[in-house]
Amino acid sequence: MTGLPGQTSGATERLLDTEVLRSFVAIAEHGSFTRAAKAVFRTPSALSMQIKGLETTLDKRLFVREARRVQLTEHGELLLRYARQLLALNAEAVACFLAPALDGTVRVGTPDDVGGRILPRVLAAFARSNPAVQVDVITGTSRVILERLDAEQIDFALVTVGSREVDSERGEIVHSEPLVWAARRGGSAKLREPLPVALAEPGCAWRASAIDALDRAGRRYRVAYSSDHSAGQRAAVLADLAIAPFPRPLVDSADLEILDEPQLPPLIDTHTALVFGAHCSEAGKALAQHVVEAFRALRG
């Protein structure tokens with residue numbers, strides 16, 4: 001029997017088992033066969049056999065076994081991206097047929113910078129499998145969002161927090177990234193005294209981190225621009241009116257640069273926390289799980 005043009009019979013016969021992929025992802029995320037075995041309720045020897053079979057199927061080495069942990073090879077890193085996508089698609093397909101139909105309205109609260117980066121693709125995927133659910137997104141500062149959560153006006157919130165040890169008590173940390181100083185490329189704001197900074201209103205974790213770092217370093221500064229939206233702070237930086245603290249991924253423009261100078265104190269990492277309301281609906285919990293998986297994919 002001949003295959004389709006451009007295909008080889010060997011390639012078409014090699015199918016990937018989702019259970020094996022689930023074990024592979026667990027090992028990659030835990031960095032250990034022993035810890036991964038507990039997560040997927042199998043023995044380490046069973047996982048080892050699965051990985052050997054997977055490496056045989058793909059004819060590639062996926063892990064390098066070291067003394068205390070296992071590391072992904074280059075081929076392993078590539079497979080990890082595909083594995084996560086395949087598992088997510090598999091779960092979505094099964095949910096379409098077996099999961100109870102969800103309906104109603106889910107209200108999500110988030111700062112504009114977090115929602116703008118993660119929610120578009122999450123909402124698109126969620127809508128495909130849950131067409132009867134309406135999602136309303138409410139933006140604002142983390143402080144205001146938490147107030148609305150406490151008032152039971154939203155189902156769950158994605159909020160920006162600073163100290164993992166202090167703030168994680170209220171919610172689950174689902175993403176972390178470096179906070180850096182950003183300036184207009186070739187601009188002069190970073191040279192002025194006192195240092196002009198663009199910050200959000202009080203209650204913002206980025207603002208608290210920046211002010212604490214500057215005060216500890218004894219650096220003279222002035223708040224030259226205030227805005228509750230990161231777009232406003234970005235505009236001030238692009239106009240060379242000030243520098244600002246941003247998560248590293250937001251410094252993605254050819255017009256911006258990350259400042260790494262001895263005169264500027266380092267900033268602590270910024271974290272995104274998922275916080276549920278007291279009466280979050282089942283649809284809200286399902287959407288929140290999609291959000292967690294999207295953040296997990298970013299780390300990969």
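The model shown is predicted, which means the values in this text are computed figures rather than measured ones.

A. Structural detail: helix α6 (residues 112-129). Under the 1.5 Å per step criterion, the end-to-end length of α6 is 25 Å for 18 residues, consistent within 8% with the ideal 26 Å. Maximal helix bending in α6 amounts to about 50°, located at Leu 119; proline Pro 120 follows within four positions. All of the buried residues along α6 are Asp 113, Val 114, Gly 115, Ile 118, Leu 119, Val 122, Ala 125, Phe 126 and Ser 129.

B. Up close: a nonpolar patch on the surface. Where nonpolar side chains cluster on the molecular surface, the patch consists of Leu 16, Leu 78, Tyr 82 and Leu 86 and spans about 340 Å² of accessible area. In this fold, Leu 16 is placed in the loop between α1 (9-13) and α2 (18-30).

C. Looking closely at the sheet that holds strand β5 (residues 156-161). Read from one edge of the open sheet, 5 strands run β4-β3-β5-β12-β6, paired in mixed fashion. Every interior strand has two partners, whereas the edge strands, β4 (133-139) and β6 (172-177), have only one. The sheet shows a mean angle of 20° between the axes of neighbouring strands, direction not considered. Judged from the 7 bridges that link them, strand β3 (residues 104-110) and β4 form a sheet pairing that is parallel. Across the sheet, the residue bridging to Gly 109 is Ile 138, located in β4. In the packing of α6 onto the sheet, contacts are made with β3, β4, β5, β6 and β12 (270-276), and the angle to β4 comes to roughly 175°.

D. Quick look at the sheet that holds strand β11 (residues 256-259). Taking strand neighbours across the sheet as the criterion, the 3 strands line up as β10-β7-β11 in an open arrangement whose pairing is antiparallel. Only two strands of the sheet have a single neighbouring strand rather than two, namely β10 (244-247) and β11. Between one strand and the next, the sheet's axes are offset by a mean angle of 50°, whatever the strand orientation. Across 4 bridges, the pairing between strand β7 (residues 179-184) and β10 is antiparallel. Note that in β10 the partner of Trp 181 across the bridge is Pro 245. The strands touched by helix α10 (residues 230-238) are β7, β10 and β11; relative to β10, the strand with the most contacts, the crossing angle is about 125°.

Cut-off values and rules
- Along each chain, residue indices are assigned from 1 in the same order as the chain's sequence is written.
- Residue-level local features of this predicted model are given only where pLDDT is at least 70; pairs of side-chain atoms are given and counted only at 80 or more, and the full residue set underlies all totals for whole chains, interfaces and linings.
- Note: side-chain values were computed over all heavy atoms of the structure, leaving out hydrogens and water.
- Per the convention used, a helix needs a DSSP run of H or I reaching at least four residues, while a strand needs a run of E reaching at least two, with both numbered from the N terminus.
- Helix span, expected: 1.5 Å multiplied by one less than the number of residues in the helix.
- To get the bend at any residue, fit one axis to the seven residues that end at it and another to the seven that begin at it, then take the angle between the two axes.
- Relative accessible area decides the class of each residue, using a 1.4 Å probe on protein chains only: under 20% of the type maximum gives buried, over 50% gives exposed, and in between gives partly exposed.
- Excluding any residue in a salt bridge, patches collect residues exceeding 30% relative accessible area, merging like charges within 9 Å and nonpolar Val, Leu, Ile, Met, Phe, Trp and Tyr side chains within 5 Å.
- Each accessible area is a Shrake-Rupley result for a 1.4 Å probe, and residues are judged covered by the shown protein chains and nothing else.
- The salt bridge definition used is simple: a Lys or Arg side-chain nitrogen within 4 Å of an Asp or Glu carboxyl oxygen.
- Strands are labelled as partners when DSSP assigns at least two bridges between them.
- To obtain an axis, a line is fitted to C-alpha atoms, over the contacting stretch when the element is a helix, and the angle between two such axes runs from 0 to 180 degrees between their N-to-C directions.
- The contact criterion used is simple: two residues touch if any of their non-hydrogen atoms lie within 4.5 Å.

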